[in-house]
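So the chains spell out like this:
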Amino acid sequence: MKRKYITHTKQIPYLIVENYFKDEEVDNMLSEIKLFDENELFCFQPGLKMEEGHKHNTQLGLDKLYAIRQASYTLTKLDEIFHDKKLVKKLEDMHWFYDSWGLTNYDSSFVTKFVEDDYYHEHRDCSVISWMYWLWEEPKSFTGGDVRLTDYNIDVPVKRNQLMIFPSSIRHSVNKIENGKGRYCVVRFLHILPANSKVESLEGATIGKGNG
Ligand SMILES: [Fe+2]
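A few points on the structure. (Residues numbered from 1 in each chain as written. Predicted model: local features only at pLDDT ≥ 70, side-chain atom pairs only at ≥ 80, totals over all residues.)

Digging into the sheet that holds strand 2 (residues 14-18)
Keep this limit in mind: Paired strands are those between which DSSP finds at least two bridges. In this description a helix means any DSSP run of H or I spanning at least four residues, a strand means any run of E spanning at least two, and both kinds are numbered starting from the N terminus. Whenever a helix is involved, its axis is fitted only over the stretch in contact; in every case the axis is a line through C-alpha atoms, and angles between N-to-C directions fall within 0 to 180 degrees.
On the basis of which strands lie adjacent, the open sheet formed by seven strands has the order 1-2-10-7-12-5-4 and antiparallel pairing. Each edge of the sheet is formed by a strand with only one pairing partner; in this case those strands are strand 1 (4-8) and strand 4 (58-61). Strand-to-strand twist across the sheet, computed as the mean angle between neighbouring axes with direction ignored, equals 20°. Bridge count between strand 4 and strand 5 (residues 106-114): four bridges; the pairing is antiparallel. Each residue of the ladder has a partner; that of Thr-58, found in strand 5, is Lys-113.

Written out as structure tokens, the structure is:
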């Protein structure tokens, strides 16, 4: 199916792209992610300055997992997004905020997994621009797990092979998964770091309600 770009500008500027990757590419990413899962690499990671119970899911950072980025199919695909000129043009045409895309100089990537009863209350990501890309095994076996931009009461239904790009500082949440198997989300944060930054402390960083 063809890519469909949906720009949202009314309250805050964010972009949805449906059918971002080809079916074969989605399958390949899913194969890699399922391998992580089969090897039980996903684990709970508390968010920065978050109260206990603020999030209930598991995740796996990809940056330390691969010494060579190109060894990961998923990381390679994320890099393609970063260099997607059509996508960047859409963002820059949508709002000046996305001029910062070209100023980012560091990224961090991870995969989240949500299963039954998992959720993530509202939070801000500690970066400049955030991406979320959803995929799961078909047929879809869960309900819930949609995203809400909580400051603006905007609901974003998640779809398989859908990419969302938004300002990291917009508070967002993931509503509870009602049943079914894994809902995976590949996340990338784009950062702008000053020289001599200690990047170690930034990886997977998120901040909770009231801390931003
Ligand atoms: Fe987030």
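Side note on helix 1 (residues 23-38)
Definition in use: For a helix, the expected span equals 1.5 Å multiplied by the number of residues minus one. Partly exposed residues are those falling between the two cut-offs: more than 12 but fewer than 20 other C-beta atoms within 10 Å of their own, whereas 20 or more means buried and 12 or fewer means exposed, with C-beta atoms placed from the backbone. Our arc is simply the arc of the directions from the helix axis toward the C-beta atoms.
Counted at 1.5 Å a residue, the expected span for helix 1 with its 16 residues is 22 Å, and the 22 Å between its end C-alpha atoms agrees. Along helix 1, the residues that are buried comprise Met-29, Leu-30 and Ile-33. The buried side chains of helix 1 occupy one side of the element, clustering within an arc of 100° when seen end-on. Residues Glu-24, Ser-31, Leu-35 and Glu-38 are exposed on helix 1 and point more than 90 degrees away from its buried face. Just beyond helix 1, the residue with positive phi is Glu-40, at close to 55°.

Some thoughts on the pairing of strand 1
Examined bridge by bridge, strand 1 and strand 2 share five bridges and lie antiparallel to one another. For Lys-4, the partnering residue across the bridge sits in strand 2 and is Glu-18. Where strand 1 folds back on strand 2, the antiparallel hairpin that results is connected by five residues.

What about the pairing of strand 6 (residues 119-125)?
Relative to strand 6, strand 3 (residues 55-56) runs antiparallel, the two being bridged by two bridges. Bridging from a neighbouring strand, Lys-55 pairs with Tyr-120 of strand 6. Looking at chain direction, strand 6 and strand 11 (residues 172-174) are connected through two bridges and run antiparallel. In the sheet register, His-123 faces strand 11, and the bridge partner there is His-172.

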